[in-house]
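Spelled out from the first residue to the last, the chains are:
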Amino acid sequence: MTISHFSIVRPVVTTVLMLLLVVFGGLSISRLAVSEYPKVDTPTISISTAYTGASAAVVETKITRIIEDSVAGVEGLRSITSSSRDGTSRITLEFFADRDIDGAANDVRDKVARVANRLPDEADASVIAKFDAGGMPVMILAVSSNSRSRMELTDYVNRYLLDRFSVIDGVASADIFGREDPAVRIWLNRQAMAAKGVTVGDIEDALRRENVETPGGRLESADREFTVRLARQYHQPEDFAAMVIARAAGASGGDLIRLRDIATVNLEPRRLRQAFAINREPMIGIGIFKQSTANTLSVAAATRRLTDAVAAELPADMKIIIRRDDSQFINAAVREVSASLIIATALVIAVIFFFLGNVRAAAIPALTVPISLVAAFIVLQLCGFSINLLTLLALVL
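This one's a predicted model, so the numbers in the text were calculated from it and none came from an experiment.

(A) Examining the overall build of the protein more closely. Looking only at helices and strands, the protein features 13 helices and 16 strands. Taking 397 residues into account, the globule formula puts the C-alpha radius of gyration at 21 Å, and the protein, at 32 Å, lies well above it. Each of the three principal axes of the protein carries a C-alpha extent, and together these read 120 × 60 × 55 Å. Buried residues in the protein amount to 34% of all 397 residues. Put simply, 71% of the contacts in the protein that link residues at least 6 apart link residues at least 24 apart. The distance from the centre of the 43 positive side-chain charges to the centre of the 44 negative ones in the protein is 3 Å.

(B) A look at the nonpolar core. Ranked by size, the top nonpolar core spans 26 residues in total, and within it Val143, Leu161, Phe165, Ile286 and Ile288 carry the most contacts. At the level of elements, strand E5 (139-145), helix H5 (150-166), strand E6 (171-177), strand E15 (284-290), helix H10 (296-313) and strand E16 (318-325) are the ones that each hand at least two residues to this core. Top contributing element to this core by residue count: H5, with six residues. Apart from the residues within four sequence positions on either side, isoleucine 288 is in contact with Pro137, Val138, Met139, Phe165, Val171, Ser173, Ala174, Val299 and Thr303. Formed by 22 residues, the second largest nonpolar core is a distinct cluster that contains Ile45, Ile47, Leu93 and Ala123.

(C) Local environment of the sheet that holds E15. The antiparallel open sheet is built from four strands, whose spatial order is E6-E15-E5-E16. Looking at the sheet topology across the chains shown, the edges are occupied by E6 and E16. Mean inter-strand twist for the sheet, computed between neighbouring axes without regard to direction, equals 20°. Here E6 pairs with E15 via six bridges, running antiparallel. Note that in E15 the partner of serine 173 across the bridge is phenylalanine 289.

(D) Representation of the side chain of threonine 391 in the model. Along the chain, threonine 391 falls in helix H13 (residues 389-396). For threonine 391, a relative accessible area of 15% corresponds to the buried category. When sequence neighbours within four positions are dropped, the list of residues in contact with threonine 391 reads Leu380 and Ser386.

The rules behind these values
Residues numbered from 1 in each chain as written. Predicted model: local features only at pLDDT ≥ 70, side-chain atom pairs only at ≥ 80, totals over all residues. Heavy atoms only, no water. Helix = DSSP H or I, 4+ residues; strand = E, 2+ residues; numbered from the N terminus. Rg over C-alpha atoms; globule rule 2.2 N^0.38 Å. Buried < 20%, exposed > 50% of the residue type's maximum accessible area, 1.4 Å probe, protein only. Contact = heavy atoms within 4.5 Å. Lys, Arg positive; Asp, Glu negative; His and termini not counted. Charge placed at Lys NZ, Arg CZ, Asp CG, Glu CD. Core = buried A, V, L, I, M, F, W, Y, C linked by side-chain atoms within 4.5 Å. Pairing = 2+ DSSP bridges. Axes fitted to C-alpha atoms, helices over the stretch in contact; angles between N-to-C directions.

Here you go:
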């Protein structure tokens, strides 16, 4: 018995099957991720190593070349790209498409661990991450104020806003762009240091020795127990300025040399080489990164709703706006292709009616076209595909 014969002799079963296809197809449409293009990322791993204070040439010879030589023999490696900048080394490893990314990451970690003892002691531990080539923020929010500094904006965003955007369904992470974390900066006066016989090493030793918080142990009695905490003495720039660095040479031991005698201590941003501005107005940005399987349109819609709620709660001198929204481009592209799909369906039905010349005879094949299109989304979900321009164009064809 052929499918056509079965459908004719069992019309109720056929109708039920068609309804099931429509229902499950509709469920698949609601669960499929929506993106502009399909995810065809090449397995890529990045190795980042920070060596604060070192020039690009030193980073190249002391870190980049050593790690490159170690990871060059990893299985399935296609190419190695590296860049050495002042204080930072970054190596990108691209693997063949059939290489398992998790296995490759483990192999790379093992190779880097073998040469860790050959890297400078002052360098930070290498950070190995699976790189997402499509890992761009789907939305960028901008927080500005007409009375607060960027350091104050960074502190407010970090305290009250970042976690709220991070827990949105489908969001992988929310990062701060142009952040200015506060740090105590010590600007040395080389003339005063030479006059008092103090070196940079003396200042570093004093900072490591004094600016610590050591455990104080416990106090125990028959009924109670206390944890003793020895609080740090240095909290504000004025506290660091009063720190004793050394004692001047003299018969009686000499006068105390304090940090303020040889340097200027200020509270300033930790990094001075990065900024985030729109139309030359300094701001703090919040980048919303979605999960690889999340629906971009759903994430963007949830972010917009939360942005409206946050905007109503901000202090009077602050405002938050959406500066970039990838869902707008995706919506426009999907709408255009969807319109083409509807037009193609209408033309097919019109051609069927034109050749059959009978409304009743054309009704059955006309019904099968939209049912087939909706049912195709079941296959898309089973295969792990997403709704994008290519899959929609395939449905048009």
